[in-house]
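If you want the building blocks of each chain, they are given just below.
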Amino acid sequence: MVCPTAKTTRRIIVLILLACWELLPRLGVIPSLFLPPLTLTAAALFSEFSVYWQHLLVTLQEVGAALFFACGGGILCGMLLGSSTRLRRLLLPVVSSAYAIPLVVLYPLFTAWFGIGMQSKVVFASVYGFLPTLLGAAAGIQTIDRSLMMTARSMGASPVQQIRYVLLPATMPTVLSSLRIGGALVIVGVVVSEMLTSTAGIGFLISRYRTMLDSPRVFAAILLVLMLAILFDLLVQFAERRFTGWKKNVPAKTFP
Amino acid sequence: MTTMTTVSARGTVQVENLTQIHRSGERTTHALDNISFTIPAGKFVSVVGPSGCGKSSLLMLLVGLAQSTSGELRVAGRPVAGPDPARIGVVFQEANLFPWLTARKNVEFPLMIRNMSVKERETKARDALELVGLDEFGDRYPHELSGGMRQRVSIARGIVQDPDVLMMDEPFAALDEQTRMVMGDELLRIWERTGKTVVFVTHSLTEAIYLSDHVLVLSARPGRIIDRIDIDLPRPRTFELTSSAEFIQIRNRIWEQIRTA
Ligand SMILES: Nc1ncnc2c1ncn2[C@@H]1O[C@H](COP(=O)(O)OP(=O)(O)OP(=O)(O)O)[C@@H](O)[C@H]1O
Ligand SMILES: [Mg+2]
């Protein structure tokens, strides 16, 4: 699918962006307080690598735990909701409305309930990623062709075999796309909550260095968040190629 | 694959006083009413009837995917208790291939379900694909095949365990007219080579007469058998035959029955 020209183009765009990051502040187009040059940012990152590493570990743990709850729970509940017409009618409107609540304003409550340590971040990010993941999974599960299950049954597949050989592969694309939605939101949730009230984590570093007006260190932390998000996306992409390679070129089924 | 035609008595299909009443919530639908017929082994039998008369319901019972309200159903003298692809192969209107598996893996699927060894699976799948003329296409995914090819894969999957009976519910209905005719000839070729009993549900009277030894005509719902017509036209059947006086006479007779029933 990916033709070499598109790939090269993408690389060139990334290179241009990186070059702008270095050159614009150097040439004085942007004050380096707003955007410190890439090399200065990288230098800040490496000179205090152990500090960043220590805080990155905290963030990673929070993201990992929140991913488990948001995506695990969201995908599971979404599938249950999506596969039962009755549940869907009953709960989907509620879930959709709940989705509209700006959760960030509730974050002070989370810190009141769970303290300012890792727990409040995990809970907040889990809740933050849960609903969109659930909605994505609920919509995805409905696109699964039910006649495939009947076909498997006609070939003598036991219920367990139907789940393993038909339901699982058929839901894989939904699971992965839900994971992508949920994962991105969980990272946002963790970093934002760290920025608001906390004692550790990359988000905490961002807001601490910002109050010190130490731009290179702020951007070094931002760089880490970006890399975390990109790494996560690459992992999901890898899984998509591995498990849902057959999906490419399949004409999209009409959405119910 | 060897071209021996051995008609085994195991392909006999017996249906006695079969009645099917669908219940969904409050509503009940009387789909089949007291149907009885016997199909001798190795025969090609079509089932026609007005839309909604219960043809698919009948087929679901025949392949063990549904439970009848009352009546008896035997293939090779044994009752049909549930899906049994080694005895009864099924082909639906839609090919229903698993999109994440190649054509070959799709054909191997029923064998994998039974934990057959990989080697044996591969041999059988290759033979089945060869029989439907797709040995070159085993590594393609369903979306890389045409509608006709997909349905061929589906047929290969239905017969990969060499069942005595092949049950088909409007298998060519989703295909264009030309492909449909080609597929009909193809099916006849496979049927002649393998000697299976074929039960073939269709909307097309021409197709039914062209392919079959016997045609069962069902009435509007609740479906009852209103006629059983022996098609004594010579084989191999040719396209010209469809415009012969005899052919047209049979078709008119069936149409008249369906219209007035
Ligand atoms: N699972 C079911 N639950 C309830 N009613 C059903 C079910 N399956 C079929 N019916 C009803 O039984 C009747 C016969 O349906 P069936 O699909 O067997 O007809 P058919 O002859 O195959 O029709 P067509 O020619 O359009 O395919 C219809 O009225 C249908 O609505
Ligand atoms: Mg039908």
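For clarity, every value in this text was computed on a predicted model and none was experimentally measured. (Residues numbered from 1 in each chain as written. Chains lettered and ligands numbered in written order. Predicted model: local features only at pLDDT ≥ 70, side-chain atom pairs only at ≥ 80, totals over all residues. Heavy atoms only, no water.)

We now examine the overall build of chain B. When you go through chain B residue by residue, the secondary structure sums to seven helices and 10 strands. Against the compact-globule benchmark of 18 Å for 261 residues, chain B has a radius of gyration of 18 Å, which places it among compact chains. Seen along its three principal axes, the alpha-carbon backbone of chain B occupies a region of about 50 × 45 × 35 Å. Here chain B holds 261 residues, and 53% of them are scored as buried. Pairs at least 24 residues apart make up 70% of the contacts formed inside chain B by residues separated by at least 6 positions. When the accessible surface of chain B is totalled, it reaches about 11600 Å², and 47% of it is carbon and sulfur. Computed over 31 positive and 32 negative side-chain charges, the inter-centroid distance for chain B is 4 Å. (Helix = DSSP H or I, 4+ residues; strand = E, 2+ residues; numbered from the N terminus. Rg over C-alpha atoms; globule rule 2.2 N^0.38 Å. Buried < 20%, exposed > 50% of the residue type's maximum accessible area, 1.4 Å probe, protein only. Contact = heavy atoms within 4.5 Å. Areas by Shrake-Rupley, 256 points an atom, 1.4 Å probe, with all protein chains shown as cover. Lys, Arg positive; Asp, Glu negative; His and termini not counted. Charge placed at Lys NZ, Arg CZ, Asp CG, Glu CD.)

Right, let's talk about the pairing of strand 2 (residues 27-39) of chain B for a bit. Relative to strand 2 of chain B, strand 1 (residues 13-24) of chain B runs antiparallel, the two sharing nine bridges. Directly across from B:Leu18, in strand 2 of chain B, lies its bridge partner B:Ile35. (Pairing = 2+ DSSP bridges.)

A few words on the sheet that holds strand 5 (residues 78-79) of chain B. All names here are of chain B. On the basis of which strands lie adjacent, the open sheet formed by four strands has the order 2-1-4-5 and antiparallel pairing. Whereas interior strands pair on both sides, the edge strands pair on one side only; in this sheet they are strand 2 and strand 5. The strands touched by helix 1 (residues 55-62) are strand 1, strand 2 and strand 4 (70-75); relative to strand 1, the strand with the most contacts, the crossing angle is about 115 degrees. (Axes fitted to C-alpha atoms, helices over the stretch in contact; angles between N-to-C directions.)

Per the stated rule, a full pass over the model turns up 16 aromatic pairs over all chains. On the numbers, 6.2 Å between centres and 85 degrees between planes, the contact of A:Tyr165 with B:Phe109 is edge-to-face. With A:Tyr165 in helix 8 (residues 159-196) and B:Phe109 in helix 2 (residues 103-113), the pair connects residues from two separate chains. Residues A:Tyr165 and B:Phe109 agree in their burial class; the two are buried. The rings of A:Tyr107, A:Phe110, A:Trp113, A:Phe114, A:Phe124 and A:Tyr128 are connected pair by pair, giving a single aromatic cluster. (Phe/Tyr/Trp six-rings, centres within 6.5 Å; stacked < 30°, edge-to-face > 60°.)

Residue and element names in this part refer to chain B. One open sheet holds the six strands; their spatial order is 6-7-8-3-9-10, and the pairing between them is mixed. Each end of this open sheet is capped by a strand with a single partner; those strands are strand 6 (88-91) and strand 10 (225-230). Strand-to-strand twist in this sheet, taken as the mean axis angle between neighbours without regard to direction, amounts to 15 degrees. Where strand 7 (residues 165-169) meets strand 8 (residues 197-201), five bridges bridge the pair, whose relative direction is parallel. Among the inter-strand pairings, Val 165 is bridged to a residue of strand 8, identified as Thr 197.

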